Every structure is written in structure tokens, then in C-alpha cells.
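Topology and contacts: notes
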Amino acid sequence: MYPPAFEYAAPESVEEALDRLAEVGDEGRILAGGQSLIPMMKLRLAAPAHLIDINEIAELAYIREVNGHLAIGALTRHADVVRSEVVAGGCATMASAAPWVADPLVRNRGTVCGSVAHCDPEGDWNSVMLAVGAEVVARSKQGERVIPISEFVVDFFTNSLRPGEMVTELRVPRDDDRSGGAYLKLERKIGDYATVGVAAHLRLDEQGRIARAGLALTSVGPINLKVTEAEEMMVGQEPGDELFAEAAQIAARTCEPTSDVRGPAEYKRSVVAAYTRRAFGRALAGARGET
Amino acid sequence: MTTTHQPATPFEMGGIGHSVRRKEDDRFIQGAGRYLDDIQLPGMLHMAILRSPIAHGRILSIDTSEAEATDGVVAVVTGEMLAAHGLAWMPTLSGDTQAVLATDKVRYQGQEVAAVIATDPYVARDALSGIFVDYEELPAITSPQQALEPGAVLIRDEKEGQTDNVAYTWEAGDKAATDEAFAKADLVVTLDTHYPRSHPAPLETCGVVADVNPATGEATIYLTSQAPHAHRTLFAIVAGLPEEKIRVVSPDIGGGFGNKVPIYPGYVVATAASLLIGKPVKWVESRSENLISTGFARDFHMHGELALTADGRILGLRASILSDQGAFYADAQPTRFRAGLFHICTGSYDFGAAHVTAKGAFTNKAPGGVAYRCSFRVTEASYLIERLVQNAAYELGMDPAEFRLKNFIRPEQFPYLSPTGFVYDSGDYHTALRKAMEMIDYEGWRRRQQEPHPEGKLIGIGIASFTEVVGAGNSRTYDIAGLKMIDSAELRIHPTGKAILKLGVKSQGQGHETTFAQIVAEELGIPFEDVKVQEGDTDNTPYGLGTYASRSTPVAGAATAVVARQIREKARKLAAHLLEASPDDLEWEPGRFFVRGVPDKGVTIQEVAFAAYTNFPEGMEAGLEGVHYYDPPNMTYPFGSYIVVVEVDPEDGTWKVLDMVAVDDCGVRINPMIVEGQITGGLTEGFAKANMQWITFDENGNCIGSNFLDYLVPTAWEAPRFRLGETVTPSPHHPIGAKGVGESATVGSPAAYVNAVIDALWSKGVRNIDMPVLPHRVWGALNGVEVAP
Amino acid sequence: MEIEVTVNGVAYRRDTEPRRLLVDFIRTELGLTGTHIGCDTTSCGACTVLFDGVPVKSCTMFAVQADGHELTTVEGLRRNGELSPVQAAFKEHHGLQCGFCTPGMMLVATALLSSNPDPTEEEVRWALSGNICRCTGYTNIVEAIRSAAATMHETAGVES
């Protein structure tokens, strides 16, 4: 209920934030939306000595379309994504996931980049990012790096940021008019973490065959799982129920769920299969312009 | 017999039957309610509690020196220190004892071990990290079955004469007659089901501000209390304080549902600390503390058997219960009834024989056993019979509605003596069920159920026709900790005709400030707006046992009607004096006496009230007030029929409510709007328990469900929509014919939801799924996969 | 550290420790106790306030983060001596019982109606899904909010 004490700074520019981050070293944590970090501090599961609050860095709050991708600034809230026409028209998988992240009030405060950096395997965004092949932009006083999401998500609550680096932007490939995507989440109630989440993305070629497939899973492994085997298997194939069922079997076979209060592993595998089929069905409808 | 109630007063007067808007709302909608945590006193200190991280272990040592040295810490309290004042243990409401702060062992995860008192709540919390406790871990017992195994580790080794983990045994009914009924049966249907551990989880957690005046020794204890008078008496007994020096004040309460009936260790520690330090001490639980340590509910492992004839008649019921009591037997329930009123489990049905046995076991879990929006285990009882009845109907090849209609107690059988000894006051079960069937189009849904679903989903229709027993007591049979279950009302009419009504019960959201004023309006014709209702301050209200078990309207409501009628009789004499007529020649209409046959010649109740202080006849005592202690002649028996239609997705096991109809009969409705609000809330809580809400433990006794991320309560998104109906069968013995309604829907609805899901899956061979009917359990039942938990 | 925050139109300057939660600051520093605390996991929404007009859970922000910002709490809903349409509708439709969740519910409703003046039942339920009520079963809360929307339409109609 009552968090431990810390030193606080609220820089007004990225440069200032990076200076501060360099100064405090490992003891510092970036405070963006704080919707995961602050509850952890209240339960005394986290006790950072320094918080660097980026909420006053207005330049980080944006969703833009740049050179074939969507750029999502580090201060973009989940609710901004829910409302964004750029996202609605530019990334169906993201648009589909956004309303199911946490609850409406948490979405008003929590940020997409913060959630991505948190690397909670029960978080929804990293499955979306893995499915669409996003990139993370990280900055430090030494400069800027662009990290593919599959290299950014390292382990359970672990990302590949180096000391002194902070996430400033997320780059999401823009859907073309033969792309579609969906995120399906089984949760017991609003605000619950996913029992299973499935992010699917499809791009069709001119003949209507699959040019790119993206599939990633939430809450069924130590990290959000990208189902590369299924993705590769689908490329060049004719999309349809049969193919999606095959992808579903691969997803169910390769995921690594544990048995817990949300159900036995067998159950979760079964839902992964069902939701993979359903999510690709929706993605296909989107790619064909049927929605 | 079902009747309809026509209000006798105009709407503005707000007597019985009017949906007048609530008087208490003005402060709540402006943020001006005053809840426990809103209280700030000069010099007030803050308390934080250190809790056991393990489920079972011996305490080897406690080192508090670092905590004591923390800036801002005033004191660190341990069990040893309390023991020096005889306060390390306290009595429970079921005659057991419970540790206040652990001295010998910890017996559940979350148990209170030490407390820090500091100038600031952040500092108090920080200092908990400076207390070091060495434990010798012991095996954790996480189920009552495990507790009763031979050789199980003894949880209550401190308790003299306790050689096993049995908390109590109890039985009701007639074993021989029941055996005889079963011997005659053509078919016996059985059901084993666990009504899981749950928690009332009112949105406001529990808390205390203890303010002991060091000069006078007078203790003002602000408490989130559903029963302030009983708590004052128990405080006097536990703490050894003279009762006249204790004032318990229960401020606005942010929901209770049974959670705020017991006395918790934190209350005692804060009061002891205030006494020793001489400053006010506040302790407000966090949600995690609330869920992990305070009064759980349910946790009944139930076995039921129905003896049936081939043509669909019930002959008898056997039920045996194994209850998981946690580490201390702390049920808040009437003394004589070790398993509460579970023996109401014969429900709405007419048959000759029943036998109920119950055994409680100690386990390494939090104590409690509170009646969560329930009249002492009536919820468990109702659930068992309503689940059994549905399975029985299917086994007989009958429609469950038809089976119920065939076995209901008939209207002409009331008052009805049940095989376990209850005397049902009134009822008309057939009418309620038929009305519900008509409202939901039962036959239509049965047809639609047979049609193929385009997405492969399964439709299920579930019924529950519950009967409750509420409004304890009568004093002959019912007491808690020796205190007879009466309640009281004190009514004073001021010279200007306004009034104050003081009660021993305590609203937690039920709208007492409005409904009790409406009873006065009905009886005296004083507009309800002119009647102030006061509750919660033991210095300023008459004694009572408090608000739980749907007893406020049946008991305190009756007391209010009776005292108002007594005052009306005195008012009649005053009116006669003013009108220079004989009291016998006066007629009463709401708010006014007039001379029979001369309607223009009359006086209003306001004029009479003025005369009571300004112009009373010689020989008559001045004033217009009274107090009445009501000892109910019997309990009341609200009932109803609920029908739910659900749609189950067999792929992921999720289910949702497509339609729900609830027909309730709680006798005469004082304020229909408030009654419907109570029902809607209860239906949602019933859904919560059927769908998601429970507390469980891993094999080491770690609590899963100790915060709102794990203990799931529905939001507006998950909550079903309801359609409500009513029948009115007044209670024949209650002064205004009311029965109490706050818990009906929580009691009745869980079985309806579960019956609906089982109905959808029956043809697939599914016979039972325990609550909560989580998606993975549905999937497991359909696919023959054992799922645990 | 010293912060300046405007609450219900009144500017306050206070010194506060960085770790002090915004809800705690509002309740104990400013004495505005209508904002409540119901959980410790950002689940219940009893602490909802409007932060620059946007509903947030004030238990999951630090008071220092409100420096230079504007807050509305339940105490600020009443305007010009009149209950707001949302407040009036909660009373009229019995949208509250114990009253503990009510401030949060009303603030969410107020924000919802300012961006969506005529929400469907589904939209209202969706907007409320970060707030828990244990008493009402939500039915009357939803009804109250839809009725407030209708009232606001009528009033707007009269004014224009």
C-alpha cells in the first residue's frame, strides 16, 4: 500500500532524462505510465532508488506515420492507441489488442513502450509486436540503437537495454491493403492478465497467397512466444481453415504453458489452438478487406 | 397467499410501498460521506502489521530492535507484550480462542505476528522490514480431508484437550426416519460438491481508530462494525475495560456483507496500543490484508443424497458436511448451531425426513466462517438442495421445473414444519416459479436449446427455487456469544413534529436512513424526510445485535413499527385531549386523528407532538417518545425462483448469461426501489461466485486470492443483465409483513447459474462442476480432463 | 519537494515526499476525503480522479507527478451550487448503495459523457470496467449514466 522512498526527477527533455539516467546508473528506473511499476512498489516487490519520470517530456507523446511504419513515442498511452486513426488504419493487430490491455483507467495512464520494456510474459503488447515484427528505438548518451523486437525481449521481465539506455520509440510496420491482423485474449475479467493471448498477422501477395505471417502468444511461456515454425510454414501457402488449423497445431505444440489457477497446461494448449485458428480467420478477413 | 401491496400514504409522505429516493445519498454523491479512514484525530498514530509469510511454523525468536530504532516509530508490539496484559488471545464468536498476535506458532499465511506504531503510515510500513522473525517451518494442512487423516500434524496444540484437528461436530434431523425413507426409495441421487472459500470483500476494507483518553481511561473506538453494540460488549469482555467507558462508533460503512461482523486482531492491538501510548491509533487494512486474514466465507465440502420415488417425489434427504474452518473456529453464528442454519437444506420441498451431519476441521488457513451476504450457511444449504434437485430431475427423466412444482410445499401447508425443525412462516412457491417461467419464456428456451447453434455453442437453462431463513432470532433459540438476538428502536417525536429514530442495527449501504424513516411515516404519518435515523454510535442508540443475516428489517424494522404504534396510542390520548373527545371516538388516517363522523374536526400528528410538550393533560407524562426491544416470534422465510439462460463455448470453456429472470418474494416491500437494488446486487454477487470469485491455496498453504488481481470480482462488463419480478406473500408474524431481502439473491442465484451450465452440458455426460465454474473447468469436464485446482 | 496543483479550480502549493501517493495527498494533505482507497493493485477505481480531465487511478500515481496539473475530485462535481447531472442521476436511479465506489464511478461517467454524449449501454459498461462496485450489481449505475446523458441533451437543447 505504501511504497518505499526514492529520489525523484522529472526531466523535460530526453537529453535531460539520459543525463540523469547516466548519473544514477543501475539504481535508476524510468517511470512512464507506472501502472505496473507503482503497484509493484506498493507491494514492496520493487524498490528503485531513483525514479526518472518521463511524463513531462511532451515530445515523446506521438503516433506518427513515417516511411512505411508507425512510430509510437515512449509517452503514448494505451488509450491513445485505442483512439488513434493512424493505428486503426495502419496496424490491425495493434488496433485489435489495444482495447483489451488492462482496463480503461489504466489505459489512460499506462504506455505502450513501458509495457513493451517491462517484458512481462503476461503482457499483451509484446505478442503483438512479435507478430508484426516491430522494432524498438533505444537512446543513451552514446547514441541511438534500433533493436528488432525479437532481440529486445530477452527473458522473463528482462529486455536487452544496456545501462544508460531508455526506450524512446516503437516502430511498427504499416499494414498495406492486403494485410490484416487480430489479437484474441482469453481473460477471466477485465483487468485480468491473459490466460492465453494470440496475436496474428497476415500479408497476402497479389495472388492472394500468404506473403508474410506473424504469430505470437501471451502467457504460455517464460516470455511472449513468437511461433516462427508456423510463420515460416504458412508463407507461400493458400490461406484458409486447413492451413490455420495446421498453424494452430504448431502453436499448441510449441507453446510452453504451465498449470496454474488459470487452468492446466493441456487446456491452455487447446485454447492456443482454437484462438490461433480464430485469429488468423479474422486476420484473413481483414487482409481481404472483408471487415 | 400472494397479494399486492397498495401504499396507504401519499408519495410525499413516503410510507411503505413508495420508492422514495434515499436520504443518505446527498452526502455520498458529494464526497461528503464519512468513512473510517476519513477520520483524522490530533496526534493520531498509524499502525502497520507484520504477517506470517508461511502457513504453519513455530516462532523461534522475534527481533524488533531495528524496527524500534527507525525514526518515527513509537512502539513495536509483539504477542509476548500482549500476553503480559492477558491480550495475546481473544475469544471468537463460536466459543473458540484466536491469537491476537502469535506467540507460539503461526497457523496461517497472513497471520498477525507483530505491529508497528509510528507517526506516519509510510514509516510504519518501512519499519516492518526491521522486524526479524525466525520460524521453524511445520507441515501445512491445506484441506479438511488432510486435517482429519491419522497422524496429521496438530494445528491447535495450544488448546487443552485438543488431540486432533476436529473443530466441531453437529447434526440435525432424524436419522432413523431418514434411513427408513431411503430404504423405500426407487432411486437415490447423490452429489458431492465443494462450495469454495470466498470472501465478502466490501470495497472499503476493515479498520479502526482507537482513541483512549489517558486522563479518563475512556475509549472511543471508531470501527468498521456491522454490530457496534455487540462489539462494545465484547471489547469490554476481551480488554477488561468497563463497558460504560467504551464508546464504539461505526461511521459510514463502505459495504459489509458479513466481513465486518467479527472482531479482528488489528482492532485489539490498536486499542491496546492507544491505551498504552495515550494517543489515538489508526489501523486500516490494505486489500491484501483484508483478503488474506479477515473473515472468509463458505468452504463447505458437501455430500447430499435425495431419496426419490420413480414417479418423481422426494422422500428424504441426507447431507453431510466437512467444513474447512481455518486455524481458529470463528464462525459468526448463533451459539446452538455449529454449522449455522445449514439444516434449512430441505429448501422449498415437502418431504418427511432429513438428516444432516457436519464436521469442521482446523486447517492452516485464515479463520472466519462469516455469513457472506447470507443468514448463517443458508447459502450453502440452498446451493446443495437446488443442485441436487436438478440432477434428480434429470436422473428421473423429468423437466426440472416440473419436478420442482411437483415437490414444492403447497401454499395451504403454511405454517410448515420442516423435517429439521424450522417453521416456515408463509410461502407460495408455485406462483413464483410459474411467474419466472412465463417471464423468461421457459418453453421457448427449451425449444431453442434443441436447435443447432451456428457457432457450435451450447445453450443451458438453470433454475433455483430457494427458501431462506432470516431475521434471527427469537431469544429462546438464538444468541451470539450469549447475547440474545433481539433488536431495538427508540423513537422521539420533537415538539415541531419532526422525529429521530435510533437503532441498534447499522446500515452498510442498505438504505436504513430511508427505509426505517418510511416505517415511521407509515405508522405515524410523519413525512419520511422529517425522520432522522441514527445508527452506529453506542452512546446514542439503544442496544442491538447489528446488521447481518438479513435481520435489520425483520427485527429492527419490527421494533420500529411497534414503537411507532405505541407512540400513536399516546398521541391518540393527546389528540383526544386537544379535540375534547374520547380516545375511542377518534379515527386515524395517515398523519391525522379526527372525530369519527366529523372528518373536519381533527388534529395532525405535528399538532399532537407540539401539545406533548406544551399542552398535555394533567396526569399525563410529557413528551412523545418510546423505545421497544423486539423479540421476534419466529424467523422469516423469503423465497423466490430464478431462471438463467447461458451460452457455453465448448472450445474455450467460457460461458455467458443470455437472459436471467429473478422473481423474489420478500413479503411486503418497504421501498421497492431499494429492494430491487438489493436483489440486483445479490444476483451479481451470485454470478461472481458461480463464475470467478474464490480463494484457494497451493500445497504449501500459500493463499491464492489475496488481492484483486487473484481474487476476481466482476466489473460492469462481466456482470449479467437481469429482469426482476415479484410476488408478495406477507410474513404473518411481522408487524408490517416484511421478510428481509438483502441476501436472497446471493443465496438463491449461484445454483441457478451453475444449474444452467450443467444443463447445457448434461447431454455430454457432465454431472457437476464445482464453483467457480471457470473456463478451464468447463473445458475439463467436457474433455474428461481432471483439472486441479 | 514542493508542488503546485490545482484541484477543483483551487490552486494548492504543498511540500510533499516523492513517494506520497496522489490519493493519499488528496485525502490527507488537502482533506478531500471523497476520493477513496479500495485496493492496492490498481484494480478497483475507488480512487479515480480526473487528471487534466482524464480519469486515472490516483493510487497509481505519485503526488509529485501532479505538479503543474489540474485535478477534479468528487468534491468538484457540483457547480454553481447545483448537483451535476451525473450526481443527480445517481440519486434518482439508485445508482449507489454504500457510496464507497460512487465518487470514482461518477468521475468516470463525467469524463465519458464529455467525450461521448450519448453512449450505448455497452459503451457505458465498457467505460466503467476499471471500477468495482460490490453493492449494486451495476444495473442502476448504468441506468443513471444513460439518464444523465439524456438530461444533458435536454439541457443543451434548451440553452441552444
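Residues numbered from 1 in each chain as written. Chains lettered and ligands numbered in written order. Predicted model: local features only at pLDDT ≥ 70, side-chain atom pairs only at ≥ 80, totals over all residues. Heavy atoms only, no water.

Things to note about the overall build of chain A
Note the following rule: Secondary structure counts use DSSP, requiring at least four H or I residues in a row for a helix and at least two E residues in a row for a strand, with both numbered from the N terminus. Atoms counted for the radius of gyration: C-alpha only. Globule rule: 2.2 Å times the number of residues to the power 0.38. We call two residues in contact when some of their heavy atoms are within 4.5 Å.
Each helix and strand in chain A was counted, giving twelve helices and 14 strands. The C-alpha atoms of chain A give a radius of gyration of 19 Å, which matches the 19 Å a tight globule of 291 residues would have. Dimensions along the principal axes, computed over C-alpha positions, put chain A at roughly 55 × 45 × 30 Å. Considering only contacts within chain A whose residues lie at least 6 apart along the sequence, 64% involve residues at least 24 apart.

Side note on the overall build of chain C
What counts, and what does not: Under the scheme applied here, a residue whose accessible area is under 20% of the maximum for its type counts as buried, over 50% as exposed, and between as partly exposed, the area being computed with a 1.4 Å probe on protein chains only. Residue exposure ignores everything except the shown protein chains as possible cover, and the areas themselves are Shrake-Rupley values with a 1.4 Å probe. In this tally, Asp and Glu contribute negative charge and Lys and Arg positive charge; neither His nor the terminal groups of the chain are included. Here the site of a charge means atom NZ of a Lys, CZ of an Arg, CG of an Asp or CD of a Glu.
Along its length, chain C carries five helices and five strands. When the helices and strands of chain C are listed from N to C terminus, the series reads β-β-α-β-β-β-α-α-α-α. Computed over C-alpha atoms, the radius of gyration of chain C comes to 16 Å, within 12% of the 15 Å expected from 2.2 N^0.38 for 160 residues, which places it in the range of a compact globule. Counting only residues that meet the buried cut, chain C has 64% of its 160 residues in that class. Partitioning the intrachain contacts of chain C with sequence separation of at least 6 by distance along the chain shows that 56% fall at a separation of at least 24. Only carbon and sulfur atoms are counted for the fraction: they give 47% of the accessible area of chain C, which is about 5400 Å². Counting 12 positive and 20 negative side-chain charges, chain C places the centres of these two groups 6 Å from one another.

Concerning helix α4 (residues 121-128) of chain B
Residues three or four positions apart in an α-helix share a direction because the helix packs 3.6 residues into each turn. Most of α4(B) is tucked away: six of the eight residues are buried. Of the positions making up α4(B), those classed as buried are Pro121(B), Tyr122(B), Val123(B), Ala124(B), Ala127(B) and Leu128(B). The secondary structure elements touched by the buried residues of α4(B) are β1 (45-51), α2 (65-68), β3 (73-78) and β7 (112-118) of chain B together with α1 (22-29) of chain C.

Overview of the packing of helix α15 (residues 552-579) of chain B against helix α16 (residues 605-614) of chain B
Residue and element names in this part refer to chain B. Stated formally: A fitted line through C-alpha atoms represents every axis, and for helices the fit uses only the stretch in contact; the resulting angles, taken between N-to-C directions, go from 0 to 180 degrees. Should an angle lie under 35 degrees it is considered roughly parallel, over 145 roughly antiparallel, and from 65 to 115 roughly perpendicular; all remaining angles are considered oblique. Residue type decides the class: Asp, Glu, Lys and Arg count as charged, Ala, Val, Leu, Ile, Met, Phe, Trp, Tyr, Cys and Pro as nonpolar, and the leftover types, Gly among them, as polar.
At a minimum axis distance of 9 Å, the contact between α15 and α16 shows a crossing angle of 90°. As far as their axial angle goes, α16 and α15 are roughly perpendicular. Within the contact between the two elements, α15 uses Ala571, Leu574, Ala575 and Leu578 and α16 uses Ile605, Glu607, Val608, Ala611 and Ala612. In terms of residue class, the contact of α15 with α16 is made up of eight nonpolar, no polar and one charged.

Focus on the pattern of salt bridges
Stated precisely, the cut-off is as follows: We count a salt bridge whenever a side-chain nitrogen from Lys or Arg sits within 4 Å of a carboxyl oxygen from Asp or Glu.
Applying the stated criterion across every chain, the model contains 82 salt bridges over all chains. With a shortest N-O distance of 2.9 Å, Glu92(C) and Arg21(B) are connected by a salt bridge. Residue Glu92(C) is found in helix α2 (residues 85-92), and its partner Arg21(B) is found in the segment before α1 (25-28); the two belong to separate chains. Linked by salt bridges that have partners in common, Arg58(B), Asp96(B), Asp104(B), Lys105(B), Arg107(B), Arg156(B), Asp157(B), Glu158(B) and Lys159(B) make up one network.

Looking at the interface of chain C and chain B
One widely used convention gives an interface's size as the accessible area the parts lose upon coming together. Quick note on the threshold: As used in this structure description, the phrase polar contact means that two N or O atoms lie within 3.5 Å; if the pair is within protein, one of them must be able to donate a hydrogen and the other to accept it, and residues adjacent in sequence are counted only when both atoms belong to side chains.
Counting from both sides, the interface comprises 49 residues of chain C and, opposite them, 54 residues of chain B. Scanning the region where chain C abuts chain B turns up eight salt bridges. With a shortest N-O distance of 3.5 Å, Arg134(C) and Glu685(B) are connected by a salt bridge. Across the contact surface, chain C and chain B share 28 residue pairs in polar contact (both at pLDDT 80 or more). For the side of chain C that touches chain B, the secondary structure elements donating two or more residues are α1, α2, α3 (102-115), α4 (121-127) and α5 (139-159) of chain C.

Quick look at the interface of chain A and chain B
What counts here: Take the accessible area each of two parts loses on contact, using a 1.4 Å probe, and add the two losses: that sum is the buried area.
Across the boundary between the two partners, chain A contributes 25 residues, which contact 26 residues of chain B. For the pairing of chain A and chain B, the buried interface totals around 2300 Å² over both sides, and the portion due to carbon and sulfur atoms is 61%. Considering only the surface of chain A that becomes buried against chain B, Arg188(A), Lys189(A) and Val261(A) emerge as the three largest contributors, covering 27% of it. The interface formed by chain A and chain B holds four salt bridges in total. Along the contact surface separating chain A from chain B lie ten residue pairs in polar contact (both at pLDDT 80 or more). Of all the elements, helix α12 (residues 265-287) of chain A adds the most residues to the side of chain A that touches chain B, at eight residues.

Details of the sheet that holds strand β26 (residues 531-534) of chain B
Residues and elements named next belong to chain B. Here is the rule: Pairing between two strands requires that DSSP report at least two bridges joining them.
One open sheet holds the four strands; their spatial order is β26-β25-β24-β30, and the pairing between them is mixed. Single-partner strands in this sheet number two, and they are β26 and β30 (625-630). Direction aside, the axes of adjacent strands within the sheet are offset by 15° on average. For strand β25 (residues 499-503) and β26, the ladder comprises four bridges, and the chain directions are parallel. Paired with Ala499 across the strands is Val531, a residue of β26.

Considering the environment of Leu308(B)
Residues and elements named next belong to chain B. Residue position: Leu308 is located in strand β15 (residues 297-308). C-alpha of Leu308 to C-alpha of Val188: the two residues are 120 residues apart in sequence and 6.0 Å apart in space. Apart from residues lying up to four places away in sequence, Leu308 is in contact with Ala185, Asp186, Leu187, Val189, Arg313, Ile314, Leu315, Ala392, Leu396 and Phe403.

Quick notes on the side chain of Asn755(B)
Residues and elements named next belong to chain B. Examined against the element boundaries, Asn755 turns out to sit in helix α18 (residues 744-761). By relative accessible area, which is 0% here, Asn755 ends up buried. Look past the residues within four positions of Asn755 in its chain and what remains in contact with it is Glu386, Arg387, Gln390, Arg404, Ile461, Gly462 and Ile463.

Observations concerning the side chain of Thr467(B)
All names here are of chain B. Following the sequence through the fold, Thr467 ends up in strand β21 (residues 458-467). What makes Thr467 buried here is its relative accessible area of 3%. In this structure the side chain of Thr467 is engaged in a polar contact, spanning 2.7 Å, whose partner is the side chain of Ser348. A distance of 3.1 Å separates a polar atom in the side chain of Thr467 from a polar atom in the side chain of Tyr429. With sequence-adjacent residues up to four places away left out, Thr467 is seen in contact with Ile344, Gly347, Ser348, Val378, Tyr424, Tyr429, Tyr637, Pro638 and Phe639.

What to know about the packing of aromatic side chains
Centre-to-centre distance and the angle between the planes together describe a pair of aromatic rings. Cut-off, in case you're wondering: Ring pairs shown here join Phe, Tyr and Trp side chains whose ring centres sit within 6.5 Å, with only the six-membered ring taken for Trp; geometry is labelled stacked below 30 degrees between planes, edge-to-face above 60, and tilted in between. By definition, being over a ring means that NZ of Lys or CZ of Arg is both within 6 Å of the ring centre and within 35 degrees of the ring normal.
Using the criterion set out here, one finds 29 aromatic pairs over all chains in the structure. Centre to centre, the rings of Trp655(B) and Phe687(B) are 5.8 Å apart; their planes meet at 75°, and the pair counts as edge-to-face. With Trp655(B) in strand β32 (residues 655-665) and Phe687(B) in helix α17 (residues 672-691), the pair connects residues that are 32 residues apart, well separated along the chain. Just as Trp655(B) is buried, Phe687(B) falls in that class too. Taken together, Tyr349(B), Phe408(B), Phe414(B), Tyr429(B) and Phe639(B) form an aromatic cluster joined through their ring pairs. Against the face of Phe51(C) rests Arg109(A), its NZ or CZ located 5.1 Å from the ring centre. Just above the ring of Tyr372(B) sits the side chain of Lys689(B); from NZ or CZ to the centre is 4.2 Å.

Focus on the domain arrangement of chain A
Residues and elements named next belong to chain A. What counts, and what does not: By convention here, the domain bounds are inherited from an automatic or database domain assignment.
Domain boundaries assigned for chain A yield domain 1 (7-53), domain 2 (58-173) and domain 3 (179-285). For domain 1 and domain 2, the distance between their C-alpha centroids amounts to 18 Å. On the domain 2 side, the residues contacting the 16 residues of domain 1 number 16 residues. For the pairing of domain 1 and domain 2, the buried interface totals around 1300 Å² over both sides, and the portion due to carbon and sulfur atoms is 66%. Where domain 1 meets domain 2, there are two salt bridges. Lys141 serves as the salt-bridge partner of Asp19, at 2.7 Å between the closest nitrogen and oxygen. In this assembly, domain 1 and domain 2 are joined by two residue pairs in polar contact (both at pLDDT 80 or more). At seven residues, the largest contribution of residues to the side of domain 1 that touches domain 2 is made by helix α1 (residues 14-24).

Considerations on the sheet that holds strand β1 (residues 7-9) of chain A
Residue and element names in this part refer to chain A. If you trace the three strands from one edge of the open sheet to the other, you get β1-β3-β2, paired in parallel fashion. Each edge of the open sheet carries a strand with a single partner, namely β1 and β2 (28-31). For this sheet, the mean inter-axis angle between neighbouring strands, taken without regard to orientation, is 25°. Relative to the sheet, α1 contacts β1, β2 and β3 (50-53), its axis offset from that of β3 by approximately 170°.

As for the domain arrangement of chain C
Residues and elements named next belong to chain C. Domain assignment breaks chain C into domain 1 (2-76) and domain 2 (85-159). Tallying the contact residues gives 17 residues for domain 1 and twelve residues for domain 2. Taken over both partners, the interface formed by domain 1 and domain 2 buries close to 1100 Å², and the fraction arising from carbon and sulfur atoms is 68%. The largest per-residue losses of area from domain 1 upon contact with domain 2 belong to His36, Thr48 and Val74, which jointly make up 41% of the total buried on that side. Our enumeration of links across domain 1 and domain 2 arrives at zero salt bridges. Linking domain 1 with domain 2 are five residue pairs in polar contact (both at pLDDT 80 or more). Put simply, the parts of the chain that give the side of domain 1 that touches domain 2 at least two residues each are β3 (48-51) and β4 (54-57). Counting residues per element, the side of domain 1 that touches domain 2 draws most heavily on β3, at three residues.

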